[in-house]
Amino acid sequence: VVVTLRQLKVELPETLPYDPLAMRFGLEGTYDDQRLGREVKYRADRVKAGVVVMWGAGVLSGLLGIGSGAFKVLALDYVMRLPMKVSTATSNFMIGITAAASAAVYFGRGDIHPMIATPVALGIMLGATVGTSLIGRLRNTTVRALFLPVIVYLALSMIARGLGLVGS
Amino acid sequence: MTVERVVSRILWWGGVASLALMLIGLAGHAVPVGVSSGGFEIPRAADRSGAATTPHVFASVGQVIAGLRHRPIDPLAVATVGLLALLATPVAAVVVAIPVFLRDGDRRYALISTVLAVGLIGSLLLGGAG
């Protein structure tokens, strides 16, 4: 929450960072920002720290039963200093990949019920379609402001679960 | 076509096709059963041995195929094909990205994608989806 508040007014990273690992793996790109009306160049920074934070996020989400997507966004946005829109899109894609692997396990256990999963998938796909069409028209600062209540809720939820105030 | 565009199209169309199958299956199940009947009770689907304990849930591809071969076709098997297609969509995107990276001369990312694809396919098979 603190790091998100500190970044709240930051539209884009001020400089294109130089990180040896990012350079080596070509962790850079461009996207067409409809809101700013220009092409934005970006490059990842502090890749090693990003890996460590994401590992920690995975452990925490496994322990406390909270999705790690929000932590991925934090790691990409604050630690690796990517534009917020790039962070959310990358996190979204990563969730799809990792969820596919774990969902296979649930399927094998018979825990995926088509009558439950179908309405859930429908709602998520419709919401994601609206979200992805909106994100192009929003500023990075607006996206971050929308992200703030989510991370506040997650923080409070983790504290409550950690203290055993609510069931996991 | 760039790798981003290829992956984007696979994810979009994979999602749309999966959703269509799930909706067809769900509608096919809901129409004859009715939304207020016991057909929408959700019991635990399978025991730990993987054997389904209810006809409404499938725990392996074999069970899904059996549901599709059954006459009349089990509509929830159709919905489950949609679910499996949804699971397979990001994996397909990673697999298809490999030759596109190779075409672009990016052997490093072709290798990374291959490692990722092997891990994902292994998870799918070991997880029971196979």
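The model shown is predicted, which means the values in this text are computed figures rather than measured ones.

A.B. asks: Help me understand the overall build of chain A in this model?
C.D. replies: In terms of helices and strands, chain A carries seven helices and two strands. Across chain A, helices and strands are ordered from the amino to the carboxyl terminus as α-α-β-β-α-α-α-α-α. Here the C-alpha coordinates of chain A stretch approximately 50 × 35 × 30 Å along the principal axes. Burial status across chain A gives 40% buried among its 168 residues. Of all intrachain contacts in chain A linking residues separated by at least 6 positions in sequence, the fraction that spans at least 24 positions is 69%. Accessible area of chain A: about 9300 Å², with a carbon and sulfur share of 66%.

A.B. asks: Honestly, the packing of helix α5 (residues 84-108) of chain A against helix α3 (residues 75-103) of chain B in this entry has me stumped. Any pointers?
C.D. replies: Any two packed helices are characterised by the angle at which their axes cross and by the distance between the axes. Packing of α5(A) against α3(B) brings their axes to within 9 Å, and their N-to-C directions diverge by 140 degrees. It follows that α5(A) is oblique to α3(B) by the angle criterion. The handedness of the crossing between α5(A) and α3(B) is left-handed. Facing A:Gly96, A:Ile97, A:Ala100, A:Ala103, A:Ala104 and A:Phe107 of α5(A), the residues of α3(B) in contact are B:Thr80, B:Leu84, B:Leu87, B:Pro90, B:Val91 and B:Val94. Looking at the contact of α5(A) with α3(B), its residues break down into 10 nonpolar, two polar and no charged.

A.B. asks: Help me understand unusual backbone geometry in this model?
C.D. replies: Each neighbour pair has its own omega, and for B:Arg71 with B:Pro72 the value is -5 degrees, a cis peptide bond. When you line up the elements, B:Pro72 lands in the loop between α2 (61-69) and α3. One non-glycine residue, A:Arg46, adopts positive backbone phi at about 45 degrees. Within the secondary structure, A:Arg46 sits in the loop between β2 (38-43) and α3 (47-64).

A.B. asks: Any chance you could explain the layout of surface pockets here in plain terms?
C.D. replies: Rolled over the atoms, a probe as big as a water molecule pinpoints where empty space is left. Residues and elements named next belong to chain A. Taken as a whole, the second largest pocket encloses approximately 260 Å³ of empty space. Along the wall of the second largest pocket there are 17 residues; nearest its centre are Gln-7, Val-10, Pro-13, Glu-14 and Arg-81. Class assignment for the residues of the lining of the second largest pocket results in eight nonpolar, two polar and seven charged.

A.B. asks: Just checking my understanding: could you explain a nonpolar patch on the surface for this structure?
C.D. replies: Residue and element names in this part refer to chain A. On the surface, Val-1, Leu-5, Val-152, Leu-156, Ile-159, Leu-163, Leu-165 and Val-166 cluster together into a nonpolar patch covering about 750 Å² of accessible area. It is helix α7 (residues 140-162) that contributes the most residues to the nonpolar patch, three residues altogether. With respect to the element layout, Leu-156 can be found in helix α7.

A.B. asks: Would you mind going over the packing of aromatic side chains with me for this structure?
C.D. replies: The tally for this structure, following the rule as stated, stands at two aromatic pairs over all chains. On the basis of an interplanar angle of 45 degrees and a centroid distance of 6.3 Å, the ring pair of A:Tyr31 and A:Tyr42 is categorised as tilted. In this pair, A:Tyr31 is assigned in strand β1 (residues 28-33) and A:Tyr42 in strand β2, connecting sequence segments 11 residues apart. Seen from their ring centres, B:Phe101 and B:Tyr109 are 5.7 Å apart, and the 35 degrees between their planes marks the pair as tilted. Judged by relative accessible area, B:Phe101 falls into the buried class, the value being 13%.

Analysis parameters
Residues numbered from 1 in each chain as written. Chains lettered and ligands numbered in written order. Predicted model: local features only at pLDDT ≥ 70, side-chain atom pairs only at ≥ 80, totals over all residues. Heavy atoms only, no water. Helix = DSSP H or I, 4+ residues; strand = E, 2+ residues; numbered from the N terminus. Buried < 20%, exposed > 50% of the residue type's maximum accessible area, 1.4 Å probe, protein only. Contact = heavy atoms within 4.5 Å. Areas by Shrake-Rupley, 256 points an atom, 1.4 Å probe, with all protein chains shown as cover. Axes fitted to C-alpha atoms, helices over the stretch in contact; angles between N-to-C directions. Parallel < 35°, antiparallel > 145°, perpendicular 65-115°, else oblique. Left-handed = near helix turned anticlockwise from the far one by under 90°. Nonpolar A, V, L, I, M, F, W, Y, C, P; charged D, E, K, R; others polar. 1 Å grid on protein atoms, 1.4 Å probe; cavity = no way out; pocket = protein on both sides within 12 Å on 5 of 7 lines; lining within 4 Å. Points joined across faces, edges and corners; volume = space filled by probe spheres on them. Patch = residues over 30% accessible without salt bridge, like charges linked within 9 Å, V, L, I, M, F, W, Y side chains within 5 Å. Salt bridge = Lys/Arg side-chain N within 4 Å of Asp/Glu carboxyl O. Phe/Tyr/Trp six-rings, centres within 6.5 Å; stacked < 30°, edge-to-face > 60°.

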